[in-house]
There are 4 protein chains.
Amino acid sequence: MGRKRIGVIGVGRIGKLHIQNIISRIPDLQIVAVADIAIEDNREWLESIGITELYTDYRDLLCNDDVDAVIIASATDTHTAIAIDAAKAGKHIFCEKPIDQTVENNEKVMKAVQEAGVLFQMGFNRRFDHNFARIRQLVADGSIGDVQIVRVTSRDPAPPPIDYVKVSGGLFLDMMIHDFDIVRYVSGCEVKRVTAHGANLIDPRIKEVGDVDTAVVVLELSNGAFAVIDNSRQAVYGYDQRVEVFGSKGQVVTGNDTPNKVEYYSSDSISRDKIYDFFLDRYPDAYADQFKAFALALNGEEDVPVGIIDGLRAVQIGLAAGQSLKDGKTITLHY
Amino acid sequence: MGRKRIGVIGVGRIGKLHIQNIISRIPDLQIVAVADIAIEDNREWLESIGITELYTDYRDLLCNDDVDAVIIASATDTHTAIAIDAAKAGKHIFCEKPIDQTVENNEKVMKAVQEAGVLFQMGFNRRFDHNFARIRQLVADGSIGDVQIVRVTSRDPAPPPIDYVKVSGGLFLDMMIHDFDIVRYVSGCEVKRVTAHGANLIDPRIKEVGDVDTAVVVLELSNGAFAVIDNSRQAVYGYDQRVEVFGSKGQVVTGNDTPNKVEYYSSDSISRDKIYDFFLDRYPDAYADQFKAFALALNGEEDVPVGIIDGLRAVQIGLAAGQSLKDGKTITLHY
Amino acid sequence: MGRKRIGVIGVGRIGKLHIQNIISRIPDLQIVAVADIAIEDNREWLESIGITELYTDYRDLLCNDDVDAVIIASATDTHTAIAIDAAKAGKHIFCEKPIDQTVENNEKVMKAVQEAGVLFQMGFNRRFDHNFARIRQLVADGSIGDVQIVRVTSRDPAPPPIDYVKVSGGLFLDMMIHDFDIVRYVSGCEVKRVTAHGANLIDPRIKEVGDVDTAVVVLELSNGAFAVIDNSRQAVYGYDQRVEVFGSKGQVVTGNDTPNKVEYYSSDSISRDKIYDFFLDRYPDAYADQFKAFALALNGEEDVPVGIIDGLRAVQIGLAAGQSLKDGKTITLHY
Amino acid sequence: MGRKRIGVIGVGRIGKLHIQNIISRIPDLQIVAVADIAIEDNREWLESIGITELYTDYRDLLCNDDVDAVIIASATDTHTAIAIDAAKAGKHIFCEKPIDQTVENNEKVMKAVQEAGVLFQMGFNRRFDHNFARIRQLVADGSIGDVQIVRVTSRDPAPPPIDYVKVSGGLFLDMMIHDFDIVRYVSGCEVKRVTAHGANLIDPRIKEVGDVDTAVVVLELSNGAFAVIDNSRQAVYGYDQRVEVFGSKGQVVTGNDTPNKVEYYSSDSISRDKIYDFFLDRYPDAYADQFKAFALALNGEEDVPVGIIDGLRAVQIGLAAGQSLKDGKTITLHY
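Before going into details, it helps to say that this report is about the structure given with it. (Residues numbered from 1 in each chain as written. Chains lettered and ligands numbered in written order. Predicted model: local features only at pLDDT ≥ 70, side-chain atom pairs only at ≥ 80, totals over all residues. Heavy atoms only, no water.)

Time to look at the overall build of chain A. Tallying secondary structure elements over chain A gives 13 helices and 15 strands in all. Taking 20 Å as the expected radius of gyration for a compact globule of 335 residues, we find that chain A reaches 21 Å, a close match to that expectation. Based on the C-alpha atoms only, the size of chain A along its principal axes is roughly 55 × 55 × 45 Å. In chain A, buried positions account for 60% of the 335 residues. Considering only residue pairs separated by 6 or more positions, chain A has 72% of its internal contacts joining residues 24 or more positions apart. Total accessible area on chain A stands at roughly 12300 Å², and carbon and sulfur atoms take up 47% of it. Of the charged side chains in chain A, 36 are positive and 49 negative; the average position of the first set lies 4 Å away from that of the second. (Helix = DSSP H or I, 4+ residues; strand = E, 2+ residues; numbered from the N terminus. Rg over C-alpha atoms; globule rule 2.2 N^0.38 Å. Buried < 20%, exposed > 50% of the residue type's maximum accessible area, 1.4 Å probe, protein only. Contact = heavy atoms within 4.5 Å. Areas by Shrake-Rupley, 256 points an atom, 1.4 Å probe, with all protein chains shown as cover. Lys, Arg positive; Asp, Glu negative; His and termini not counted. Charge placed at Lys NZ, Arg CZ, Asp CG, Glu CD.)

If you want it as structure tokens, here you go:
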């Protein structure tokens, strides 16, 4: 096995992060080409780090025989087309989440990937978080026995701009979709039934555009267990990301990461610094570690850890949650 | 103001605990009389601690003019009759929870107490827990702003005997009723709507007697907030009692108490001792501190902190939860 | 075996606490008599809890044949005489710490006790603290292997009145003496060499009366290990009481107790309440639990857990620390 | 201001780490040249990341006019000569710790740097650790008032090979030297007096080569405060790195970092994963962040945060500790 050669499509914030992470931490991958509609804005930086095959049109990158696999980090509405083209070009694919918010496009990509026989990894980076991955491991190795109750709290530090909310697909598809995936990941179970509750407690403009800003969803899992997810668009104390799994033999719980371990004892209280405010500060290693797994998959040493089906399932659950909220009743999923 | 004279009705486990707590920790109360159907079994101990007015029939105690107030700690099915008699006798009342699992009997006691004009305090001891009381205080003083999401986890170390489960009134009235009260207490809100989910994941005999052993309930509160409660009849790691309140200005969270603060760093892991397994180990001070509040109320210095209405509301919510589980839909409460 | 009958000598703050603890928590002990030079001030309270044998002169109590054992909780300068008289009267003895700050008086009491063949327990209550006792247990059962480094931090919330400091015997005999005992207790080792460092960083009046307010002492133990103790007369954040033991197979560490487990997440920080400010709040159960051990010893079920020798050793180490500070060099102890 | 151009001298483990960190995290620095006696072994990797000016002899790198500053990451015994040559060549210098274990060579480098007027930063990476830096900040901003007691625990997971111990300069210069720097850093004080205690509790071969494996050192600081450092060559539970600073207005404490925040509640205990075992796992960000500071210094925006004098002082304290242990008395430092 040799070092696999990667082409990156899209060098916005996340694309740049992927390039830096691969260079500094993933010796088994080598970035050999980059495509971006604004490639010239990034030419100087890319060349200074030794990447010289640069394209404006991603299709030119797909024609480059030196490229073994592509990372799709362009705008979400381009994912479906690029992924299908990449599959047809015989490139393995790492695609940022989500592929698409419709079941239809997820299924189109799935079909193209299956026909081409290429590998496909979804960028559900949270699965690679040190805390959540350790929880998964303790569930998978039987430490807690049968899963009975999963609790996920996931709250953003502040709502996105209202213009973003309008086109976001709604809280369930834009925000809680990650938590649906985490429930599937840590429990190892499928979701069978969805009951959603939502409210507008934070910003009336979110209500005006037809979305909720606070939500609680109860999921019934394939083994009979329950999962409860709560989301808020605004936790003034930071980006709150916690998971618990309770089972017949015990429980695993993770709190939030903090920027340091210092406690200050004053004459008033004992205090420590706030949790992180920003997803890139919370999940820096997870963003890199997903490429360690991708490298192992490309080299045939391990299976792809998170696939198209995982992206599709999360979309299906999110759509069911929206339906449940609208109808005021529990929705049963039939896959 | 002087020391208030107390008569205790019922000296089982809880009645004895109340007597010991009052003697050692509540100087403003004095136990002057005790009634119990098996009073002779307790005569030696009671006399050795200076209590000499002992009765077999509680009605004799109610006739004792030296008694300012009674503590009702007898079997639950006697609470209604004793409370009504005590009210008619003009005695102030502290009554162990629950008064009764029916709305009807709660209302009968309420009427008798109101007509007699006596004070009535419910023994919802968890409200006096150091952790939950601190959470209530931080919510009440505005530290977290508007309440938006309440999370309560409450799990027993092991299921009660199946014969008890049969007559317990079901998980919602026997176990989660305490959590309904805690939600009302920490949030300062009433419960408007109840959606219950239940399952049998622990012991099939619990299913056979028509009850669930695992449950998740979502409550919608009068201010629009959500509360989520999860209960399990069996947490192998101990008696798990946690509460969180999330609001517009912050969050308050309490973990479990532990028997000590020692951490052991071995070559394998960092470990500490299990949480408590038993409710009397978890809430020892709460059982005493509720009588400090009762003494203040008897002396007219503060209002009774937890009244009949609180007992009634918890029963109403519990009944609604049972209905929701049965019907598979959300129940709206009309008080 | 029957319930042992106890006479209490001295009903100041600590004597009262002992009486309350025994009544409410130690069923195997019964308080039958109390002596105090101001017994009349306490007559009403004592009689109301069923104690009727009351004396002004402790010698009258020692003549009472109903008394199996005495608790000496009078002023420190009376301990030696009372303990010797009690031994001669054949009473078992629980004596508040210290017996006396001189080696000579400790040895006199030891001789009297040995000649009389009575049991003697020192009131080193910290040994019964849930945290320190758990640390001792983990050391004693071999969990950390050979003890190599002990760390003790012990800081008072505020200096005592300067008039007290003057007659206190100095920081090493008044304050650090408890930590010397804790080092011996948790390590199971004797102290062989003492090197003391002291400074005046808090209140110049403490220096004026010839004492230090901040001190660090390094002890070399009989097995070659080191113990480091630091004391301060003023920790503005509360009564700081921590112990660590490091060994060949691991480490045990205890932090401070706190009044509750609540964490408050605001937009500024994560905070929790201060640790306790007062020794009676920090060690409430330890004060009671030492009498459980005393009851077991009186009934011949276990040895006395802390004896005269422990009081003597702590005094010897404290005197050596004072000498080390004065001479600026290490002092070797020869027992 | 532009991007500063860096030459790296020595590409062993630490040199490689510096190169990776600078490429991925320090946009204001650019690696333009590398020298190493075994440069050919690293040619392929270095060229693949765009570094093409490669030398076997560091003096050739010093002649390269494109190089603004050098990073000296070669073997310790070459630091003095390279640093002096680099200063003479007018290159700013970042030098791995220690410059040298002799006062003489530290002073030679200091003289050369001062004469050349170049910037010099010591690689005391722990100063950039998130925990220790936060402690320093809270001390520096007055949060804890006057420093009174500093506690540093620093323990390695396992002793180094005995052949290394032989030439290491001894525990005080090889291991505790970092803690001496941390005491100076967090307290902002100089060390005036040193009292060292040492023992052989871990491996008799360490004694045979004339070194200790367990040590406790008490430092008296320029403001009258005390610092206590304990070191062990073997903590079986991992790489234990903790610091506390106690002062007139409060206390700051940092525990160890852990690989995740997961707690596992079993029927036996509550456990979490071990702390890190390896310094590169414990201080990954600190290694990168020191170059952010270096970049700011090179651009004239801030002073060099840690200079030659800091390296010299740590060596002087380490030598005094060795003298104290040998003589069995306190050593006073005269700078």
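Let's shift gears to the relation of the copies chain A and chain B. Once chain A is rotated about the relating axis by 180° and shifted along it by 0.0 Å, it coincides with chain B to within an RMSD of 0.1 Å. Here the symmetry operator amounts to a two-fold rotation axis. By C-alpha distance to the rotation axis, the residue of chain A lying nearest is A:Lys329, at 3.4 Å. (Least-squares fit on C-alpha atoms with pLDDT ≥ 70 in both.)

Attention shifts here to unusual backbone geometry. The general pattern is negative phi for most residues beyond glycine and trans for most peptide bonds. A cis amide bond links A:Lys97 to the next residue, A:Pro98, at an omega of -20°. By secondary structure assignment, the location of A:Pro98 is in the loop between strand 5 (92-95) and helix 5 (103-116).

Turning our attention to the relation of the copies chain A and chain C. The transformation that overlays chain A on chain C combines an axial shift of 0.0 Å with a rotation of 180°, and the residual RMSD is 0.0 Å. Comparing interface residues between copies, 100% of those in chain A also lie at the interface in chain C; the contact surface is shared.

Let us look at the interface of chain A and chain B. Interface extent is often summarised as the accessible area lost during association of the parts. Listed per partner, the contact involves 36 residues of chain A and 36 residues of chain B. Of all residues in chain A, the largest losses of buried area upon contact with chain B belong to A:Arg151, A:His197 and A:Phe226, amounting jointly to 21% of the total for that side. Counting across the chain A and chain B interface gives six salt bridges. Between A:Arg242 and B:Glu244 there is a salt bridge, and its shortest N-O distance comes to 2.9 Å. Where chain A meets chain B, there are 12 residue pairs in polar contact (both at pLDDT 80 or more). Elements supplying a minimum of two residues to the side of chain A that touches chain B: strand 7 (147-155), strand 8 (191-199), strand 9 (214-221), strand 10 (226-232), strand 11 (240-247) and strand 12 (250-254) of chain A. Top element by residues in the side of chain A that touches chain B is strand 7 of chain A. It accounts for six residues. The class makeup of the residues in the side of chain A that touches chain B is 14 nonpolar, 14 polar and eight charged. (Buried area = accessible area lost by both parts, 1.4 Å probe. Salt bridge = Lys/Arg side-chain N within 4 Å of Asp/Glu carboxyl O. Polar contact = N/O pair within 3.5 Å; in protein donor to acceptor, adjacent residues only side chain to side chain. Nonpolar A, V, L, I, M, F, W, Y, C, P; charged D, E, K, R; others polar.)

So, on to the sheet that holds strand 6 (residues 120-122) of chain D. Residue and element names in this part refer to chain D. In spatial order, the strands read 3-2-1-4-5-6; together these six strands make up an open sheet with parallel pairing. Across the chains shown, the open sheet's two edge strands, defined by having one partner strand only, are strand 3 (53-55) and strand 6. For this sheet the average axis-to-axis angle between neighbouring strands, irrespective of direction, equals 25°. (Pairing = 2+ DSSP bridges. Axes fitted to C-alpha atoms, helices over the stretch in contact; angles between N-to-C directions.)

Aromatic ring pairs are reported here in terms of the distance separating the ring centres and the angle at which the planes meet. The tally for this structure, following the rule as stated, stands at 32 aromatic pairs over all chains. Ring plane angle 55° and centroid distance 6.3 Å describe the contact between D:Phe279 and D:Tyr287, whose orientation is recorded as tilted. Note on D:Phe279: relative accessible area 22%, which makes it partly exposed. A network of ring pairs unites the aromatic residues A:Phe94, A:Phe291 and A:Phe294 as a single cluster. The residue whose ring lies beneath A:Arg155 is B:Phe246, and the NZ or CZ to ring-centre distance is 4.2 Å. A cation over a ring is seen here: D:Arg313 above D:Tyr335, with NZ or CZ 4.0 Å from the ring centre. (Phe/Tyr/Trp six-rings, centres within 6.5 Å; stacked < 30°, edge-to-face > 60°. Lys NZ or Arg CZ within 6 Å of the ring centre and 35° of its normal.)

Right, let's get into the sheet that holds strand 6 (residues 120-123) of chain B. Residue and element names in this part refer to chain B. Spatially, the six strands line up as an open sheet ordered 3-2-1-4-5-6, and their pairing is parallel. Of all the strands in the sheet, the pair left with one neighbour each is strand 3 (53-55) and strand 6. Here the average twist between neighbouring strands, direction ignored, is 25°. The pairing of strand 5 (residues 92-96) with strand 6 spans four bridges and is parallel.

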